[in-house]
Amino acid sequence: MMDAPSVVLSVLAALSAALCIRANDAGPGARWQIYVFKPLATTAILLIAALAPTPVESFYQAALVIGLGLSLLGDVCLMFPGERWFTAGLVSFLLAHLAYSAGFLTRWQSEWAVAWLIVYGAAGGLLGRLILPGAGRLRGPVAVYVLAILTMAWLGAGVSVPAGVGAALFVVSDGLLAYDRFVRQFPSARRLVLTTYWLAQWLIAFSVR
């Protein structure tokens, strides 16, 4: 059961996410709504982790809150066009994944480590073949980022169901984003990327409990 503040924050995050996704489909006139609702959704999720009344462990909570804060910074960077802003967002999310990984390590169980290593190793090979050829000058940073997020997802799978599913959805979200940017654009990309992204973050934040 969630406490009342977490329910309110979850509803706020869901509404803000829905309004941001709608604004993405509405055209340039609704651009200002993205600047409002995108960071608001992630901030609400950050507060769910930060205000958890019974966190599983203080370091785990702190690491995930730092990761969510860096994700918020990445959200802001990716709202602006241009390779420089994309690179800044990439670095912010890279640091977020390192923070998540540090938290996951404190609660990691290795029972299924080999199986999940095979799964995410295969995912890494597929992502590398799909996106790296079109990444151009960003090939190196993107390769490092892919390694970081797959490591984070592998560690998350050994923590809990919310952490594991959330981390897996993060891989899906970023994989779709990279495919749309470096391989081939498709109409529903933004909706799918943002939906899986915020669900991933919400699950990761919920794993603090």
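Look above for the structure.
Keep in mind it's a predicted model, so treat the numbers as computed, not measured.

Asks: Honestly, the nonpolar core in this entry has me stumped. Any pointers?
Replies: Considering soluble globular proteins, one finds that nonpolar side chains tend to be buried as a cluster. Counting 55 residues, the largest nonpolar core has Leu64, Tyr100, Phe104, Val142, Phe170, Phe182 and Trp198 as the members making the most contacts within it. Elements with a contribution of two residues or more to this core: α1 (4-26), α2 (31-50), α3 (58-78), α4 (83-105), α5 (113-131), α6 (139-157), α7 (161-182) and α8 (189-206). In this structure, Val142 is in contact with Leu90, Ile131, Leu132, Ala135 and Phe182, ignoring residues within four places of it in sequence.

Asks: Would you take a moment to explain the packing of α3 against α4 for this structure?
Replies: Helix-helix packing is described using two parameters, namely the angle between the two axes and the distance between the axes. One way to put it is that α3 packs onto α4 with a least axis distance of 8 Å and a crossing angle of 170 degrees. By the angle class used here, α3 and α4 are roughly antiparallel. For the contact of α3 with α4, the per-class residue count stands at 20 nonpolar, 6 polar and 1 charged.

Asks: How should the pattern of salt bridges be read in this particular structure?
Replies: If the charged atoms of two oppositely charged side chains come close together, the side chains can form a pair. Counting across every chain of the model gives 3 salt bridges. A salt bridge links Arg209 to Asp3; the nearest nitrogen and oxygen atoms lie 2.8 Å apart. Placement of Arg209 in the segment after α8 and of Asp3 in the segment before α1 is noted, with a sequence separation of 206 residues between them. With relative accessibility at 21%, the residue Asp3 sits in the partly exposed group. As a salt-bridge pair, Arg137 and Glu83 come within 2.9 Å of each other at their nearest N and O atoms. One end of the pair, Arg137, is in the loop between α5 and α6; the other, Glu83, is in helix α4, and 54 residues separate them in sequence.

So, how was this worked out
- Residues numbered from 1 in each chain as written.
- Predicted model: local features only at pLDDT ≥ 70, side-chain atom pairs only at ≥ 80, totals over all residues.
- Heavy atoms only, no water.
- Core = buried A, V, L, I, M, F, W, Y, C linked by side-chain atoms within 4.5 Å.
- Buried < 20%, exposed > 50% of the residue type's maximum accessible area, 1.4 Å probe, protein only.
- Helix = DSSP H or I, 4+ residues; strand = E, 2+ residues; numbered from the N terminus.
- Contact = heavy atoms within 4.5 Å.
- Axes fitted to C-alpha atoms, helices over the stretch in contact; angles between N-to-C directions.
- Parallel < 35°, antiparallel > 145°, perpendicular 65-115°, else oblique.
- Nonpolar A, V, L, I, M, F, W, Y, C, P; charged D, E, K, R; others polar.
- Salt bridge = Lys/Arg side-chain N within 4 Å of Asp/Glu carboxyl O.

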